[in-house]
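# Results of the structural survey
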Amino acid sequence: MEKSDIFNKIIKVIRINTADESITASSSIQNDVGLDSIGWLRCLIGIERVVGIPIAPHTVFRKDIESVEDLCNVILDSLSKAGEDANVQ
Amino acid sequence: MVYIKSLEYDLPELRIKTDDAINYLTKDVEYPKEKIIESFEKEQRIENIAVYRDNQEFVDSLMKVSERIIKSSGIDPMKVRYIAYGNPILTYINNTSLIHYIQSNLGLTNSRILPLMHPCAAFLSAIELGEKMLSSDDEEYILYVSGCIWKDFDERFIGFSIRGEGTGAALISNTDGIFKIIGTNVCNFENSPVDIYGNEKNGVSSARFGLISRGAQFIKESFEKFGVSAESINRIIQPNPGYAVFHDLYSYYAGIAPDKFFYNNVADGGHICDVDIIRNMKDYMNNNISVGDRIMLYTPDVETSFDINYYSCLAEKC
């Protein structure tokens, strides 16, 4: 998958879970994405299903993740690493 | 070997609709209450909350289940070795200890009072302790009592669920019962929201986030410890914080079919600490459950002031 595809898929999942089409890559995790803990877990499950790798629930609380774009980049890194690990095996 | 000899529970008649409860809770704040109401009604499927009219009704309810369980079991009250409970309010509501009153009023003269610091898991904790503490030779029992009543609505609202009110009791036996206990398991999350000085450490939200995935992992660990699989047991009996919590989240993270959990009481009453487990277990027995059928009891014990403890218990129908 191309980076832009991954970003679009993730943002689409977040929009579906928030019922908010105005969510973009620059949206703030804290201030714009109006999800409670249960909502975030459901959202992360949706993201896991589209990217195909597990995502630790506390990922959204990482200090280096402020925007949706930050979250997408972290997931992209995990995807790359999962791909490298698969190649090594 | 210990057994669950009998179960009793009682809920008040009064119900408050979930949307009324949310509207009341959010009346002074700028908050998207429509979203919260929708979440509760569509996702968690909590329709109403059980509420006692006053402390008197709560006390009468607790006395009723305690008396009923001792009298209906036909046991000698002198054989009750321990009275266990998990909710501290049972020792100071109306400036009196209901536990001590139960002890004297029901003639449990030979019993010791056993407070367990697990508001939501004290029942499962009492089961595990029963294995260790009840005699291996003489007939003995643990009377477990539970009750929830909240001072005000702010205490009820815990983010993704709303606490209701009710009482419950269980008799744990070392001789016979309706379920025998095959195994127990426990662990803590090691992710306390606050440090010992009350300062935020990991944060409540962060702790709650991992609560479900760790709990799902704990369920899988419990299967392994008990030597069973999700497919080999009839049902997992869990508390009632809401439908989506177990149907969508726990089932996904544990890799278990959603219908393995028990949802019959989710809509009515709210989350009533470990009265939920007693209620769900008793009501589940109304299904066609056969001798040899196995159920797993599961609950996390969650309060903002302490680390999460997980408990599970495998029980087999006798």
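All of these numbers come straight from a predicted model, not from anything done at the bench.

## Some points on the nonpolar core
All names here are of chain B. Among the nonpolar cores identified, the biggest contains 34 residues, and Ile 212, Ile 219, Phe 223 and Tyr 250 are the most heavily contacted of them. Once residues within four sequence positions are removed from consideration, Phe 223 is found in contact with Val 228, Ser 229, Ala 230, Ile 233, Ile 236, Ile 256 and Met 296. Counting residues in each nonpolar core, the second largest holds 32 residues, with Ala 84, Phe 123, Ile 142 and Ala 170 among its members.

## Focus on the packing of aromatic side chains
All names here are of chain B. Considering all chains together, one arrives at 14 aromatic pairs over all chains under this definition. Taking 5.4 Å as the distance between ring centres and 70 degrees as the angle between the ring planes, the aromatic pair formed by Tyr 52 and Phe 58 counts as edge-to-face. On the basis of relative accessibility, which here comes to 0%, the residue Phe 58 falls in the buried class. Geometrically, the ring pair formed by Tyr 252 and Tyr 253 is edge-to-face, given 5.3 Å between the ring centres and 80 degrees between the ring planes.

## A look at helix α3 (residues 55-73) of chain B
All names here are of chain B. With 19 residues, α3 should reach 27 Å at 1.5 Å per residue; the first-to-last C-alpha distance of 27 Å fits that figure. Looking at α3, one finds that the buried residues are Phe 58, Val 59, Ser 61, Leu 62, Met 63, Val 65, Ser 66, Ile 69, Ile 70 and Ser 73. Tucked inside the fold, the buried residues of α3 contact β1 (3-10), β4 (80-85), α4 (98-105), β6 (141-148) and β7 (166-173). Gly 74 occupies a position one or two residues after α3 and carries a positive phi of about 75 degrees.

## Section: the interface of chain B and chain A
On the chain A side, the residues contacting the 15 residues of chain B number 14 residues. Both sides of the chain B and chain A interface together cover about 1500 Å² of buried area, and 67% of this is carbon and sulfur. Considering only the surface of chain B that becomes buried against chain A, Phe 209, Tyr 252 and Tyr 253 of chain B emerge as the three largest contributors, covering 47% of it. The tally of links between chain B and chain A comes to two salt bridges. A salt bridge links Asp 248 of chain B to Arg 42 of chain A, with the shortest nitrogen-to-oxygen separation between them at 2.5 Å. Applying the counting criterion to the chain B and chain A interface returns two residue pairs in polar contact (both at pLDDT 80 or more). Of all the secondary-structure elements, those providing two or more residues to the side of chain B that touches chain A are α2 (33-44), α7 (204-226) and α8 (243-254) of chain B. Element by element, the count of residues in the side of chain B that touches chain A is highest for α8 of chain B, at six residues. In the side of chain B that touches chain A, the residues fall into eight nonpolar, four polar and three charged.

## Things to note about the confidence of the model for chain B
Overall, the predicted model of chain B reaches an average pLDDT of 91, with 96% of residues at or above 70. Confidence estimates for the predicted assembly give a pTM of 0.91 and an ipTM of 0.84.

## Overview of a negative patch on the surface
Taken together, Asp 76, Asp 137, Asp 138 and Glu 139 of chain B make up a surface patch of like negative charges. Its location among the elements puts Asp 137 of chain B in the loop between α5 (122-133) and β6.

## Looking at the side chain of Asp 276 of chain B
All names here are of chain B. Relative to the elements of secondary structure, Asp 276 occurs in helix α9 (residues 275-284). Despite its burial, Asp 276 remains without a salt bridge, the nearest opposite charge being carried by Arg 279 at 5.0 Å. At 2.6 Å, the side chain of Asp 276 and the side chain of His 271 are in polar contact.

## Concerning the sheet that holds strand β2 (residues 15-17) of chain B
Residues and elements named next belong to chain B. Strand order in this open sheet of three strands is β2-β3-β10, and the pairing throughout is mixed. Of all the strands in the sheet, just β2 and β10 (268-269) have a single pairing partner and so form its edges. Inspection of the sheet shows strand β3 (residues 48-50) paired to β10 by two bridges, in the parallel sense. The residue of β10 that forms the bridge with Asn 48 is Asp 268. Against the sheet, helix α1 (residues 18-25) contacts β2 and β3, and its axis sits at roughly 70 degrees relative to β2.

Rules behind the numbers
- Residues numbered from 1 in each chain as written.
- Chains lettered and ligands numbered in written order.
- Predicted model: local features only at pLDDT ≥ 70, side-chain atom pairs only at ≥ 80, totals over all residues.
- Heavy atoms only, no water.
- Core = buried A, V, L, I, M, F, W, Y, C linked by side-chain atoms within 4.5 Å.
- Buried < 20%, exposed > 50% of the residue type's maximum accessible area, 1.4 Å probe, protein only.
- Contact = heavy atoms within 4.5 Å.
- Phe/Tyr/Trp six-rings, centres within 6.5 Å; stacked < 30°, edge-to-face > 60°.
- Helix = DSSP H or I, 4+ residues; strand = E, 2+ residues; numbered from the N terminus.
- Expected span 1.5 Å × (residues − 1).
- Buried area = accessible area lost by both parts, 1.4 Å probe.
- Salt bridge = Lys/Arg side-chain N within 4 Å of Asp/Glu carboxyl O.
- Polar contact = N/O pair within 3.5 Å; in protein donor to acceptor, adjacent residues only side chain to side chain.
- Nonpolar A, V, L, I, M, F, W, Y, C, P; charged D, E, K, R; others polar.
- pLDDT = per-residue confidence, 0-100.
- Patch = residues over 30% accessible without salt bridge, like charges linked within 9 Å, V, L, I, M, F, W, Y side chains within 5 Å.
- Areas by Shrake-Rupley, 256 points an atom, 1.4 Å probe, with all protein chains shown as cover.
- Lys, Arg positive; Asp, Glu negative; His and termini not counted.
- Charge placed at Lys NZ, Arg CZ, Asp CG, Glu CD.
- Pairing = 2+ DSSP bridges.
- Axes fitted to C-alpha atoms, helices over the stretch in contact; angles between N-to-C directions.

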